[in-house]
Amino acid sequence: MATDFTEEGAADAVIESFAATPDERLRTILGSLVRHLHAAVREVEPSIAEWEQAIEFLTATGQKCTDVRQEFILLSDVLGISMLVETINERGAAGATQSTVLGPFHMTRSPVRALGDTIDLVGESEPCVVTGQVVGTDGAPLAGAVLDVWQANDHGAYDVQEPGKQPAGNGRGLFTTDDQGRFWFRTIVPSYYPIPTDGPVGDLLAATRRHPYRPAHIHFIVSADGYQPLTTHIFVAGTEYIDSDAVFAVKKSLITEFKEVDDPELAARYQVSNPFRLADIQIALAPAS
Ligand code: BEZ
Ligand code: FE
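Residues numbered from 1 in each chain as written. Chains lettered and ligands numbered in written order. Predicted model: local features only at pLDDT ≥ 70, side-chain atom pairs only at ≥ 80, totals over all residues. Heavy atoms only, no water.

Caption draft 1: Structural detail: the coordination of the iron ion (ligand 2). Around the iron ion (ligand 2), the protein contributes the donor atoms Tyr158 (OH), Tyr193 (OH), His217 (NE2) and His219 (NE2), at 1.9 to 2.2 Å from the metal centre. For the iron ion (ligand 2), the six donor atoms in the first shell make angles of 54 to 162° at the metal, a pattern classed as irregular. Counting gaps between the donor residues of the iron ion (ligand 2) yields the pattern Y-x34-Y-x23-H-x1-H. Placement of Tyr158 in the loop between strand 2 (146–151) and strand 3 (172–176) and of His217 in strand 7 (residues 217–223) is noted, with a sequence separation of 59 residues between them. Judged by its relative accessible area of 0%, Tyr158 falls in the buried class. (Donors = N, O, S within 2.8 Å, 3.2 Å for Na, K, Ca; no water. Tetrahedral: all angles 85-135°; square planar, octahedral: opposite > 155°, others 65-115°. Helix = DSSP H or I, 4+ residues; strand = E, 2+ residues; numbered from the N terminus. Buried < 20%, exposed > 50% of the residue type's maximum accessible area, 1.4 Å probe, protein only.)

Caption draft 2: Molecular detail of the nonpolar core. Counting 25 residues, the largest nonpolar core has Val130, Val134, Phe220 and Ile283 as its most contacted members. Elements represented by at least two residues in this core include exactly strand 1 (127–136), strand 2, strand 4 (182–188), strand 7, strand 8 (230–236) and strand 11 (276–285). Here this core gets four residues from one element, more than from any other, and that element is strand 11. Among residues more than four places away in sequence, those in contact with Phe220 are Val130, Leu147, Asp148, Val149, Trp150, Phe185, Leu230, Thr231, Thr232, Ile234, Ile281 and Ile283. Among the nonpolar cores identified, the runner-up in size contains eleven residues, and Leu75, Val101, Leu205 and Ala249 belong to it. (Core = buried A, V, L, I, M, F, W, Y, C linked by side-chain atoms within 4.5 Å. Contact = heavy atoms within 4.5 Å.)

Caption draft 3: The packing of helix 4 (residues 71–78) against helix 6 (residues 200–207), seen in detail. The geometry of helix 4 relative to helix 6 is characterised by a closest axis approach of 9 Å and an angle of 25° between their N-to-C directions. When the interaxial angle is binned, helix 4 and helix 6 end up roughly parallel. Residues Glu71, Leu74, Leu75 and Val78 of helix 4 form the contact with helix 6, whose participating residues are Pro200, Val201, Gly202, Leu204 and Leu205. A breakdown of the residues in the contact of helix 4 with helix 6 according to their chemical character gives seven nonpolar, one polar and one charged. (Axes fitted to C-alpha atoms, helices over the stretch in contact; angles between N-to-C directions. Parallel < 35°, antiparallel > 145°, perpendicular 65-115°, else oblique. Nonpolar A, V, L, I, M, F, W, Y, C, P; charged D, E, K, R; others polar.)

Caption draft 4: Region of the structure containing the site of ligand 1. Ligand 1 sits among Leu74, Asp77, Gly103, Pro104, Phe105, Tyr158, Tyr193, Ile195, Arg214, His217, His219 and Val247. Between ligand 1 and Tyr193 there is a distance of 2.6 Å, counted from an oxygen atom to a side-chain nitrogen or oxygen. Among the elements of the structure, helix 4 and strand 7 are those that each provide at least two residues to the shell around ligand 1. For the shell around ligand 1, the residue count by class is seven nonpolar, three polar and two charged. (Near = heavy atom within 4 Å. Polar contact = N/O pair within 3.5 Å; in protein donor to acceptor, adjacent residues only side chain to side chain.)

Caption draft 5: Expanded view of the pattern of salt bridges. The final tally for this structure, using the stated rule, is eight salt bridges. Residue Glu90 is joined to Lys251 by a salt bridge in which the shortest nitrogen-to-oxygen separation is 3.0 Å. Within this pair, whereas Glu90 is found in the loop between helix 5 (81–89) and strand 1, its partner Lys251 is found in the loop between strand 8 and strand 9 (255–256), the two being separated by 161 residues in sequence. A relative accessible area of 17% places Glu90 in the buried class. (Salt bridge = Lys/Arg side-chain N within 4 Å of Asp/Glu carboxyl O.)

Caption draft 6: Broad picture of the side chain of Arg277. Tracing the backbone through its elements, the reader meets Arg277 in strand 11. Polar side-chain contacts of Arg277 include one of 2.8 Å to the backbone oxygen of Phe258. Those residues in contact with Arg277 that lie beyond four places of it in its chain are Glu126, Pro127, Cys128, Val129, Val189, Val236, Phe258, Lys259 and Glu260.

Caption draft 7: Structural context of the domain arrangement of the protein. Splitting the protein by domain gives domain 1 (1–45) and domain 2 (75–285). Just the C-alpha atoms count here: the centres of domain 1 and domain 2 sit 42 Å apart. (Domains from an automatic or database assignment.)

Caption draft 8: Seen up close, the sheet that holds strand 4. Judged by pairing direction, the sheet is mixed, and its four strands sit side by side in the order 4-1-11-10 without closing on themselves. On the outer flanks of this sheet lie strand 4 and strand 10 (259–261), each paired with one strand and no other. Within the sheet, the average angular offset between the axes of one strand and its neighbour, ignoring direction, is 30°. Across three bridges, strand 10 lies against strand 11 in antiparallel orientation. From the neighbouring strand, Glu260 faces strand 11, where its bridge partner is Arg277. (Pairing = 2+ DSSP bridges.)

In structure tokens:
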């Protein structure tokens, strides 16, 4: 005999329909999604017009995606889901530098650069030197670790956002640590910037009176043989929006002083003009499990 659809029984009926799913993890994920989505719908009790609006929003989000634009990831970012997934997945990396979001501006092939090179291909702003050491969580220096670095310029734009205006590869570099796990490179202090707002995610931010800004930061992906790769940022201490990052990606341990240095000898050693800014960081990687 057919069973009647009821508000109370709907979630269980759908979950039951997945009972024969051979992939246990898929069954768990679908069951949880259905339970929580149904609970949200029962709580909110949307009108048909509101439900159609929700479908239109998701459709527009998909339609905004291209090879170089991922509006669904941006949606996950502004809803705090990307950071939640990152944070859940760093639980197994006790003692390691904390992770944060990848973001949409990473290039699969950053330009390979030598230690001490500059990633600032424009050369019009106050110079900055970033130095540091990559170590394991036991403190052992990691020689040959690879750092993939990318950042916005001092107007808050990545090279890929301004083709023709910024040289390709500006603000990017792939560095390998020396035999002490050390690295150093020249750059400029990046600016805070808005995430892309010309799509449905921008509409969502506007409708909820949220600003689109991210505090100033430099991105890193750090990898070394035998260690878990780390995706993280360093945030410029004192930057605007450090307390209200549009994508919730700030962790206090990642906030770094970019000190003002007035030392002609040190400037000469790093081949920058004096005065300059200096950020010194340690990056700890957890052993691969
Ligand atoms: C970024 O830091 O590049 C970024 C992260 C999330 C959304 C948009 C931009
Ligand atoms: Fe960024």
